[in-house]
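Below are the chains, spelled out letter by letter.
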Amino acid sequence: MAPPLLNWGAKEAHRGTPVVVKMENPNWAMVELEGPEEEDLIITDSSSRDKGKGKNAKQLTWVLLLKAHRAAGCLTSLAPALWGFVSAVKRRLAAGKTDADTDDGGRENENPTVKTRFYSCIKLFLFLSVSLLCFEVAAYFKGWHFGAASLPLEYLLWAPAFGVKDFFDWVYSRWVLVRVEYLAPPLQFLTNACIVLFLIQSLDRLVLCLGCFWIRFKKIRPVPKGGVVLDLESGDKGFGFFPMVLVQIPMCNEKEVYQQSIAAVCNLDWPKGKLLIQVLDDSDDPTTQLLIKEEVQKWQQEGANILYRHRVIRDGYKAGNLKSAMNCSYVRDYEFVAIFDADFQPTPDFLRKTVPHFKDNDELGLVQARWSFVNKDENLLTRLQNINLSFHFEVEQQVNGIFINFFGFNGTAGVWRIKALEDAGGWLERTTVEDMDIAVRAHLHGWKFIFLNDVECQCELPESYEAYRKQQHRWHSGPMQLFRLCLPDIIRAKISVWKKFNMIFLFFLLRKLILPFYSFTLFCIILPMTMFVPEAELPAWVVCYIPAAMSFLNILPAPKAFPFIVPYLLFENTMSVTKFNAMISGLFQLGSAYEWVVTKKSGRSSEGDLVSLIEKPKHQRGSSAPDLEGMKEELRKQGQQKASKKKKKHNRIYMKELALAFLLLTASARSLLSAQGIHFYFLLFQGISFLLVGLDLIGEQVD
């Protein structure tokens, strides 16, 4: 270590504990400060006490000075960060790629009129807001310095009271009159209606959080009847509950992740003769088909009971794929089916933790495990997704599973009783949320569900905003499609009135329709409009305090993400434009409601999974270890093929988000004229959030 720059008291030898302060900025050296000595800790008289205080004060001063140096070093990084931001914007503009461009997973079959209708409405609002801002600024400099509905109406009708000197003053006085008489009342009514919906939804969220707290406080968790624990070492002797289990892995053009999912499923701890694995490949790329088929053959040679299926007629997306597989004649020999998407990696004991819950519980139709994410810390987008999904699993699904035995099937990482699937009518291709569809129909037939919060299955989160946006569009348009189709069945179902109310109002209307409706309408449309029509008021507690409290509740299941609470609040409002558009598309059966885009995977965990398998091999009973070195070699070959053939990726410009960014920033400028502090800051930061998302700066960045 370099010699210290400073020695207190000019002592020749160090005594006590040294304190080392390291500076990240290379312009500052490393300084070693001497810690407290033994004699400093023993104070005998007033003089020694004063001496110790003086020395400690000097040390504290230097520590604070070095921290100030570190802060200065951080400030010097602002310029490179700003330059990187400008460079990223230049790359977006140079590439010229927007969300209107079609790609291999886009909306090329969608009606262009339907595609641009929502964007046209946003552009109209933006044009009006900019025009009104210019108008209001001109009026402000002419002396019109009011912003609320405190002016008596007679003053507006009696022009001389304002001293109308020119045409502009007359026009502005008429505009204020129109605001007061015609615009403010309906806007205030819509504002109050959205506030009521906001409060109802916030109350629902609070009740869910209280339910989760009660579950934790009472340590409530689903337990198999009789305390069943499967022990594979003893086989089925003394217990005898190893039912026939079918495992399905549906996939479509997912080169990046197929190896890790197949390897994980083939290493499930379950008697070999009572487990069958179906790899349901819907890929239309011949190279991908060949790679997956070779992988299946490799595991067959290792002794795994695994089959490869490829459909010639690929109708119905994932639901059609699962339906086709369930029609195989040998499926009737199996009692349960476990489903894993291509990026999911169940642990070897997954079946041992889930299947025992079915024993002596004939009403149980589904056991759902929780998701965990291998890339939750990859970028800001994945961190924010982790907050959202942690609340969804630990609060929403766990509470609903414990208290009412119903929640939406997540489409993967779950085990179904095949009889429940057949009783509900099997897989249907009528919506893009086949998992929610089968769960609703099974619940209407009396089947119960269990959610296991302590059983996790690893998967990937979308790392790019483009992939996440398409995923969220499907997740929010599908439920509205399903609601239209299922409403008559729910009303006619022979279930209790409470279950009908829960399914219609809470499950569909409140959490799938009202939430995206008020989020977008209240914070992206009404709030900016109240800046230009200040006679309609939106209370500060609606803008700031209640959203902050709800964000705090949402982040409780992921406490390590607490520093991201403000970005999470802003990002959720930013995503409301996509969710609102999807909800409207599904409700009114617009063209984009029927698009199915496979969420892009990075395969980031593939190499790590292979290494973990080498270090800790856990093989299927009766099978030998796979050729992992060969798998790694194939991964490298696959990466080379992908690099040579894959289309060049681009970060895109998202026009709706960009237009809303300028709309909110314009409204924030208008709020300055009315001196509305909280509203200004909220609109400013929300506008910046929309700007960053519109420029695709929040997720994966492509050079």
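Structural data are supplied above this passage.
Attention here is on the structure that accompanies the text. Owing to the predicted nature of the structure, the values given are computational and were not obtained by experimental measurement.

Take the overall build of the chain next. Counting its secondary structure elements, the chain contains 21 helices and nine strands. A buried classification covers 51% of the 703 residues belonging to the chain. Partitioning the contacts of the chain with sequence separation of at least 6, the portion at a separation of at least 24 is 81%. As displayed, the chain offers around 33400 Å² of accessible surface, 61% of which is attributable to carbon and sulfur atoms.

The next subject is the packing of aromatic side chains. What characterises a pair of aromatic rings is the spacing of the ring centres plus the angle enclosed by the ring planes. Inspection of the entire model under this criterion finds 31 aromatic pairs. Seen in terms of ring centroids, Phe517 and Phe580 are 6.3 Å apart; in terms of plane orientation they differ by 35°. Their pairing is tilted. One end of the pair, Phe517, is in helix α15 (residues 497-532); the other, Phe580, is in helix α17 (residues 565-587), with 63 residues separating them in the sequence. Phe517 gets classed as partly exposed once you look at its relative accessible area, which sits at 27%. On the basis of relative accessible area, Phe580 is assigned to the buried category, the value being 12%. Members of the aromatic cluster, joined through ring pairs, are Phe344, Trp371, Phe393, Phe406, Phe407, Phe409, Trp416, Phe449, Phe451, Phe483, Phe507 and Phe508. Taking the ring centre of Phe507 as reference, the NZ or CZ of Lys512 above it sits at 4.3 Å.

Enumeration according to the criterion identifies 25 salt bridges in this entry. Where Arg383 meets Asp377, a salt bridge forms, and the shortest distance between an N and an O atom there is 3.4 Å. Relative accessible area serves as the criterion here: at 28%, Arg383 is assigned to the partly exposed category. Between Lys470 and Glu466 there is a salt bridge, and its shortest N-O distance comes to 3.3 Å. Here Lys470 pairs with Glu466, and both are found in helix α14 (residues 465-492), just four residues apart, close to one helical turn. For the pair Lys470 and Glu466, a shared accessibility class is recorded, and that class is buried. Through salt bridges with shared partners, a single ionic network connects Glu136, Arg179, Glu535 and Arg670.

So, on to the pairing of strand β5 (residues 306-310). Pairing of strand β4 (residues 275-281) with β5, which is carried by five bridges, proceeds in the parallel orientation. Across the sheet, residue Asp281 finds its bridge partner in β5, namely His310. The parallel pair β4 and β5, bridged by helix α8 (residues 286-301), forms a crossover whose chirality is right-handed.

Reading guide: rules and limits
- Residues numbered from 1 in each chain as written.
- Predicted model: local features only at pLDDT ≥ 70, side-chain atom pairs only at ≥ 80, totals over all residues.
- Heavy atoms only, no water.
- Helix = DSSP H or I, 4+ residues; strand = E, 2+ residues; numbered from the N terminus.
- Buried < 20%, exposed > 50% of the residue type's maximum accessible area, 1.4 Å probe, protein only.
- Contact = heavy atoms within 4.5 Å.
- Areas by Shrake-Rupley, 256 points an atom, 1.4 Å probe, with all protein chains shown as cover.
- Phe/Tyr/Trp six-rings, centres within 6.5 Å; stacked < 30°, edge-to-face > 60°.
- Lys NZ or Arg CZ within 6 Å of the ring centre and 35° of its normal.
- Salt bridge = Lys/Arg side-chain N within 4 Å of Asp/Glu carboxyl O.
- Pairing = 2+ DSSP bridges.
- Right-handed = clockwise from strand over helix to strand, strands pointing away.

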